[in-house]
Each structure stands twice: as C-alpha cells, then as structure tokens.
Amino acid sequence: MLAQELIRIKRDGGDLAAGDIADFVKGLTEGSVSEAQVSAMAMAVFFRGLKRDETVALTLAMRDSGTVLKWPELDRPITDKHSTGGVGDNVSLMLAPIVAACGGAVPMISGRALGHTGGTLDKMDAIPGYVTQPSEALFRKVTKNIGCAIIGQTADLAPADKRFYAIRDVTATVESIPLITASILSKKLAAGLQSLVLDLKAGNGAFMASLNDARVLAKSLVDVANGAGLKTTALITDMNEPLASAAGNGLEVINAIEFLTGVSTDARLKQVTLSLAAEMLVSSGLATSAADGFAKAETALNSGKAAEIFGQMVAALGGPKDLVSNPAKYIAAAPLVRDVAAINSGFIASCNTRAIGVAVLDLGGGRRKTDDRIDHRVGFDRLVPVGTKITKGDVIGRVHAVTETGLQTASKALQAAYMITGTVPPERTTIVEKI
C-alpha cells in the first residue's frame, strides 16, 4: 500500500477498498503513515466523504487496531449508550444501574469533557476514591457481579482513533460525519457490545445545534453500526435547556443520587433517562416494546433497586460504601453558595444553554485545554425549567463558586441566559424522534 495513492483516490472522489482502508489504519496505528499523510486523508474525506461501506470498513479497522473485549463470563445481554453531550446531562449515572437492575450488563466506557459540555468521567471523579481507570480484571469483575461499571477508555482500546482524532483536531476536520461516526463506533465496538442506543442532542446547548445536523449524524451512526454488526437505534433529544436542574460535576452527582433515591426528580431528565433505558431493554431482548421497557425501567427506579446497584458499583470501584445514603458527606462543597434572583417578572421563555455550560467552565468546572484541572465543586443547581412563571426576585438558580468574583460573574451569566417574557412559551418535545 502506498498511502499517497489512497489519498489521491479519495481526493479525486474515488472509493477505497476495505483492505486498503485496513492497511491505512494499520499504518496509522504503527506510525508508518506520517502525520502529513493522515492530515491529507482527513481533509480528502472531509471534502469527498465516505460511502457507507467505506465508513463501516474504517470503523472496523479502527476497532481492530487494539484490544477488542469479549465477555464469555457474562450471562446477560451486553448493552450501552452513547450521548453526543450537553449541559446538565448526567443520564449515564442513572441509566447504567437502571438497565442493570432490569437484567442487562452495561460495561460503560465513557469520556471526559472538553468545552462547554460535561463529561461522565469528570462527574465520577467527584466521588472520592472512585477509580475511573481500573484494571481490566476489576472492570470485568464489577460488570459481572453488579451488572454495570462506568469507567474511562483504556489506551489499548481503538488506539488508531486516538491518533486520528488528535490530528483531526488540529486540521479543522473534526466535523466530518463519516469520521465522527467511525470515531464513536470504533470504541463502542471494541467494548464488545451486543447492542447500543445513541442519544443525539439537538439545540442551543448541543454540539449539533441544528435538528437536521443531529438527524444526519444519527442516521449515519445507526446505519454504520448496524452495518458493522452492532444492533443500534438512536433517539434525538432536546438540548435547549439544561437536562438536569444542576450543571457542574459534583452537583450533578448529587442530582443523580437524588433522582435514584426519589428525593428529587427533574421531569425532562426522567423522560430522557427512562426512554433510553427502554430502548436499551428492547434492543437487548429484555422488553417486548418501548412501553414495556419504560415500565420496567420505572419499576427498577421506583423500587430502589437501581439506587442500590449504583451504590454497589461505586463501592466496588473504590468509592464510599454509603455514598447513596450520605452524598453530602463525600461530595466536596464549594465555599461560596448563593441564590440568583430573576431580574424581572413573567415566564422563562427560553434559555441560552451553551452560556450556562460556559459559565460552569469559567468557574473552573470544565477544561479549555486537555490538561486543565477541574474543580468538581463548582457550578449551578436549583435551575428552574423553561416555562416557569416567576416574579422579580424569585430564585432562578444557585451558584457554587470558590471566589467572590467568580460568583458574581456566574450569577450575571445565569441571569443573562434566561429570557423572561410576558407570554407562556410553547411546549417543546423532549424526545424529538427515533432513528
């Protein structure tokens, strides 16, 4: 294989054979394909695209560039969820134990945040002692004995994707739909799943703000995943306001525990979580329909079984054994906490969700660079939902900060993020469509 010949074929709009794609990925992994050649191929794909079979071949080749997990020890159906990310999106923390409580196995390999959206691993890092990078043996043990384990990607899972993404990130080729598709799915396929459900966010707090863009990506992911032998469906969900009433790593953990234990439940968060659980149960053969899956997931939640499993998972991965019953004892609190008041009366008509995510980042709760340290204490909670009728001076949220300057800045950002008008806004659908 001559890498430059493959680049030329794609540059000129030709199709690449599966074997040639596999050879290119092998060279990408081993380093025999130069960074310049990877950059050129990425740009060629960005402009010329990949057909379905080419994207399937790329996905499988990147999957096979490292370890591909197999689960002979499991007698449960193996399933997982992937979200394209949003603000206040702590769904994974509830979803994994809910599905495990219904009989599924959820080896959830999650990522960290970069930008205005939160990362599941950063939330788990807010739990003292919790190990997000366990040994493979511990990962397997926890998944088998408890039913779920939320961990981070190891270096030997789809290593080709790691190098490819790093180069795409600095060559303005990240937005390519085929390359996004292969990147996401290669890691999920390497995890040894039998089924996958995708949560594609659309709205002003999502990376895919346009519904049409989210739909295009969802269709690509579903088509390629099924073409690669992984049973997959997708839900497009609304991200025009924070999903939970909290945004910030430790605060979202507390929110998740309150959700699991029934202390407090955000309506939109419940709808998305149980709808995704229903899809996972149907695709796993554990439910006969979405309605059946939703009911089973709700029973697992209301019975307390899901909360029990979450607590067992946390303890098995090094966290406190009584986190679920005493979250405030372990989740570190910010030194400054203050209510934010509405600046006028009316109805909350809309929310600049991205601005809230950026405000969390500015407080220290996110990363501008991959090596930035995160302060898990900061963020917002008690965020009021769009459609709420309020009077000037009512509380619209609460800021958790480490400095007075940060607190003041975040308070103003939250006030500016909410648009208050005299009319009731139209209701939005939380689950937009299924693909």
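Residues numbered from 1 in each chain as written. Predicted model: local features only at pLDDT ≥ 70, side-chain atom pairs only at ≥ 80, totals over all residues. Heavy atoms only, no water.

Which parts of the structure should I look at to understand the overall build of the protein?
Counting its regular elements, the protein contains 17 helices and 12 strands. Computed over the C-alpha atoms, the radius of gyration of the protein is 22 Å, within 12% of the 22 Å expected from 2.2 N^0.38 for a compact globule of 435 residues. Projected onto its principal axes, the C-alpha positions of the protein cover 70 × 45 × 40 Å. Looking at the 435 residues of the protein, the share that counts as buried comes to 54%. The long-range fraction of contacts in the protein, counting pairs at least 24 apart against all pairs at least 6 apart in sequence, stands at 78%. On the protein, roughly 17,400 Å² of surface is accessible, and the fraction owed to carbon and sulfur atoms is 53%. Averaging the locations of the 45 positively and 44 negatively charged side chains of the protein gives two centres separated by 2 Å. (Helix = DSSP H or I, 4+ residues; strand = E, 2+ residues; numbered from the N terminus. Rg over C-alpha atoms; globule rule 2.2 N^0.38 Å. Buried < 20%, exposed > 50% of the residue type's maximum accessible area, 1.4 Å probe, protein only. Contact = heavy atoms within 4.5 Å. Areas by Shrake-Rupley, 256 points an atom, 1.4 Å probe, with all protein chains shown as cover. Lys, Arg positive; Asp, Glu negative; His and termini not counted. Charge placed at Lys NZ, Arg CZ, Asp CG, Glu CD.)

Hey, could you run me through the packing of helix α4 (residues 52-63) against helix α10 (residues 211-227) in this one?
Each pair of packed helices can be summarised by the angle the axes make with each other and by the distance between the axes. One can describe the packing of α4 onto α10 by two numbers: an axis separation of 9 Å at closest approach and a directional angle of 65°. In this view, α4 runs roughly perpendicular relative to α10, as classed from their interaxial angle. Handedness of the α4/α10 crossing: right-handed. Of the residues in α10, those touching α4 at R52, T55, V56 and T59 are D223, V224 and G227. Partitioning the contact of α4 with α10 into residue classes produces two nonpolar, three polar and two charged. (Axes fitted to C-alpha atoms, helices over the stretch in contact; angles between N-to-C directions. Parallel < 35°, antiparallel > 145°, perpendicular 65-115°, else oblique. Left-handed = near helix turned anticlockwise from the far one by under 90°. Nonpolar A, V, L, I, M, F, W, Y, C, P; charged D, E, K, R; others polar.)

So what exactly am I meant to see when it comes to the nonpolar core here?
Nonpolar side chains in soluble globular proteins generally cluster together in the buried interior. Residues F310 and M313 are the most contacted members of the largest nonpolar core, which totals 84 residues. It is helix α5 (residues 91-101) that provides the largest number of residues to this core, a total of nine residues. Among all residues touching F310, those that are not within four sequence positions of it are L93, P97, M124, I257, L260, L323 and V324. Listed in part, the 25 residues of the second largest apolar core include A359, V360, F380 and L414. (Core = buried A, V, L, I, M, F, W, Y, C linked by side-chain atoms within 4.5 Å.)

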